[in-house]
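Structural overview for review
Listed below are the residues making up each chain.
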Amino acid sequence: MDGDCTARLLVDEAGAVTAVVPAGAEVGGRALAPWVGRPLVELFAVESAEQVTALVKRADGVPVPQLVLAFSADGDHHHVWAVAHACATAHGAARLVAVTVGEGTHGTGSGTPPFMLWCADPATRAASADATANHAYGLPPGVRMDYADFLTRVHPDDVTVVLGLEHRATDLGGRSVQSHLRLRGDDGVWRWLLVRAATHRLGGRLVLSGVCVPLAPERAAGDGAHGDVDLVYRASDSLIRTSSRDEVLDLLLHTFPPLLRATQSTVALGDGTRLHMHRVPQPAAGVEAPRLVSLDAPHPVAVTARTGQDWFLTVEQHDALAEETAPLVAAPGTRAWWMLPLPDATGRTVGAWTLGFPDPHRPAPEAQAAIREVTRMAGHALARAGETQPYLDFVEAFRAGTEFERPSGLPPGIEAAVRHRPAHEAADLGGDWYDIFALSGGLVALAVGDVQGHGPEAAPMMSRLRTLLRAYALDYRDPGMVLTRVNDFLDRFPAHIHATCLMAYLDTGTGELVASSAGHPPLLVANPDGVGGSVGSVTVLETPCDTPPLGVVAEQRYASTRLAVPVGGTVALCTDGLLEGPRLDLDEGVTRLARDLAEHVAAPLEDAAGTMFARADETGHRDDATLLLARRPVPVAALTAG
């Protein structure tokens, strides 16, 4: 077992293994998953039992070399090293210990990868973590981070990654998930971390726990030959939100292959007796490629779907197979295929995914882990796709109460335009939302938000947040105070809602704009310098966008920022579905939106909204997307005088 495949077993106070990270980890040639629920000491030979018991009791981060396993695949004595770290869980006195096990004897020195063990309770949002490797995170000795402190150290672009880990881990029902994110130490340096998470039972409750491992910047971006792993993890969140088979196919055939530098992609979906093949690119004219393949056929994809085992084949290995067993068609540049099963939540294979690569070697370990997670999530999504009719029935009944209206009833001195698109058009309902309404004194409230999740779970939450914002806006003339009160409400009456939000008040008479953000992308203001055809200037409002989303940190206070909007100026609020995706990071998306806003500062507002919103199709995936534009129009008298 190399450093990248080091196994970690989470052990409760009774000494029983509660989870294995990663779930498929092996040691001594044997899988560790069967040890879940059994005493850790049974993993080791009798002569090592006393050392293991003391190791777990101390949990002081000091490695113990030359422990002997109770078994190995070849029947020989197998030596491993182990190190233990402890973490108080979110349940008070309960104690969770992570035991890291590695092959050989090299784990006794600096080669032991430092890591941080953490545990969170999704129901209460309480969390705790140990920082046994503080130097790896730029933290002073003895610091213990709670959930709120951890989020304030996470890069603003990666906060949704942290929240998405919980949704993905829950969706996979105990299987481990992982992603990359950036954490800021006390020295101000951003460090990349590999974060693994899994749900499991501890003390009768469902908890989320895992480890953070320091990651070199070049490792965070993959090995080059097999794509950007970080973007693969970000795109995999889209699989949680799919509600139809076509959406899953679109992601597997069009979104993931470019991120993995794949030359081709084939998805085979089973109907019980046959596999229906979906290919990108399509075979060249005259090349025979079966659309239907019997599940009992010797076809490599059928073997993968039938046995549930992945199969990596180079073109040379494929051509050496018997003729009836070698019907794969290579796209231009393909030198190898990797066929992987698509399992549902019960482990039943619902299909297979084949990727073609220009490199005749297996992807790097980081890329392999990312691809396997995608296959698990895709299998779960495909299984859910067969159960979407109740979801669509829900949507039809719920839409009547959440249908977004076009801006109307606004006071003189402002005009507005909106574009909104859910991730899944079949449902016409998502987690993004917007609102614009008049307040007394010539004020107009503008708001956009993004609830974590989509569909039946997200829609009622989205509706509740809109109602809360309107209610508190009647009492407070500071959007920061409104967000603070909404967050307090969610803390007192937990609804497990996590949402980013950007809210602003615009004084239609004076042009003063007051805005506040809860972890949301920034607001932009275009000044009408360009009346007459030239390009206007754009200000990106520096709200404290590194604050956590609503419903995450108790007693969080949100500050407001002020800015003047001149006559003819345009204000833009949007959600991240317009700004980022696998092909575009958030900073690039904001820069692009600012450029588009400047170019359309003098255009009719509806035309500007339509042109700018079309950019949502260029992010590399389909997500909920919302754009809200508001403008202080130039008075007719001023135009006539000009």
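Residues numbered from 1 in each chain as written. Predicted model: local features only at pLDDT ≥ 70, side-chain atom pairs only at ≥ 80, totals over all residues. Heavy atoms only, no water.

Here we have six strands laid out as an open sheet, ordered S15-S14-S13-S18-S17-S16, and antiparallel in their pairing. Looking at which strands have only one partner, the edges of the open sheet turn out to be strand S15 (292–294) and strand S16 (311–314). With strand direction ignored, the average angle separating the axes of adjacent strands in the sheet is 20°. Inspection of the sheet shows strand S14 (residues 274–280) paired to S15 by three bridges, in the antiparallel sense. The residue of S15 that forms the bridge with arginine 274 is serine 294. Packed onto the sheet, helix H7 (residues 245–259) meets strand S13 (264–270), S14, strand S17 (336–343) and strand S18 (349–357) and runs at close to 155° relative to S13. Those strands touched by helix H8 (residues 300–307) are S13, S14, S15, S16, S17 and S18, and its axis lies near 140° from that of S18. (Pairing = 2+ DSSP bridges. Helix = DSSP H or I, 4+ residues; strand = E, 2+ residues; numbered from the N terminus. Axes fitted to C-alpha atoms, helices over the stretch in contact; angles between N-to-C directions. Contact = heavy atoms within 4.5 Å.)

Those residues of helix H1 (residues 46–58) that sit buried are Ser48, Val52, Leu55 and Val56. The arc that holds the buried residues of H1, viewed along the axis, is 90°, so those residues lie on one side. Across from the buried face of H1, at angles greater than 90 degrees, the exposed residues are Glu50, Thr53 and Lys57. At the C-terminal side of H1, alanine 59 shows a positive phi close to 45°. (Buried < 20%, exposed > 50% of the residue type's maximum accessible area, 1.4 Å probe, protein only. Arc of directions from axis to C-beta.)

As a further point, take the sheet that holds strand S21 (residues 443–451). The strand order S20-S21-S22-S23-S26 describes an open sheet built from five strands, whose pairing is antiparallel. If you trace the sheet from one side to the other, it starts and ends with strand S20 (432–438) and strand S26 (561–564), each paired once. For this sheet the average axis-to-axis angle between neighbouring strands, irrespective of direction, equals 15°.

The next subject is the packing of H7 against helix H10 (residues 365–385). Put simply, H7 and H10 touch, their axes get as near as 8 Å, and they point 155° apart. With respect to each other, H7 and H10 are oriented roughly antiparallel. Seen from H7, the contacting residues are Arg245, Val248, Leu252 and Phe256; seen from H10, they are Val374, Ala378, Ala381, Leu382 and Ala385. Of the residues assigned to the contact of H7 with H10, the class counts are eight nonpolar, no polar and one charged. (Parallel < 35°, antiparallel > 145°, perpendicular 65-115°, else oblique. Nonpolar A, V, L, I, M, F, W, Y, C, P; charged D, E, K, R; others polar.)

Bringing the packing of aromatic side chains into the picture now. Under the counting rule described, the total for this entry stands at one aromatic pair. Measuring from centroid to centroid gives 6.3 Å for phenylalanine 256 and tryptophan 353, while their planes differ by 65°, and the two rings are edge-to-face. Residue phenylalanine 256 is found in helix H7, and its partner tryptophan 353 is found in strand S18; the two are separated by 97 residues along the sequence. The residue whose ring lies beneath arginine 38 is tryptophan 35, and the NZ or CZ to ring-centre distance is 4.1 Å. (Phe/Tyr/Trp six-rings, centres within 6.5 Å; stacked < 30°, edge-to-face > 60°. Lys NZ or Arg CZ within 6 Å of the ring centre and 35° of its normal.)

Time to look at the environment of alanine 614. Looking at the element boundaries, alanine 614 is found in the loop between helix H15 (605–613) and strand S28 (625–631). Judged by its relative accessible area of 40%, alanine 614 falls in the partly exposed class. Taking the C-alpha atoms as reference points, alanine 614 and leucine 578, 36 residues apart in sequence, are found 8.7 Å from one another.

It is worth spelling out the nonpolar core at this point. Counting residues in hydrophobic clusters, the biggest one holds 33 residues, and the most contacted among them are Leu252, Phe256 and Trp353. Within the residue set of this core, elements represented by two or more residues are helix H6 (229–241), H7, S13, S17, S18 and H10. The element that contributes the greatest number of residues to this core is H10, accounting for eight residues. Among all residues touching phenylalanine 256, those that are not within four sequence positions of it are Val232, Ala235, Ser236, Leu239, Leu251, Trp353 and Val374. Listed in part, the 26 residues of the second largest apolar core include Val20, Val27, Ala59 and Val101. (Core = buried A, V, L, I, M, F, W, Y, C linked by side-chain atoms within 4.5 Å.)

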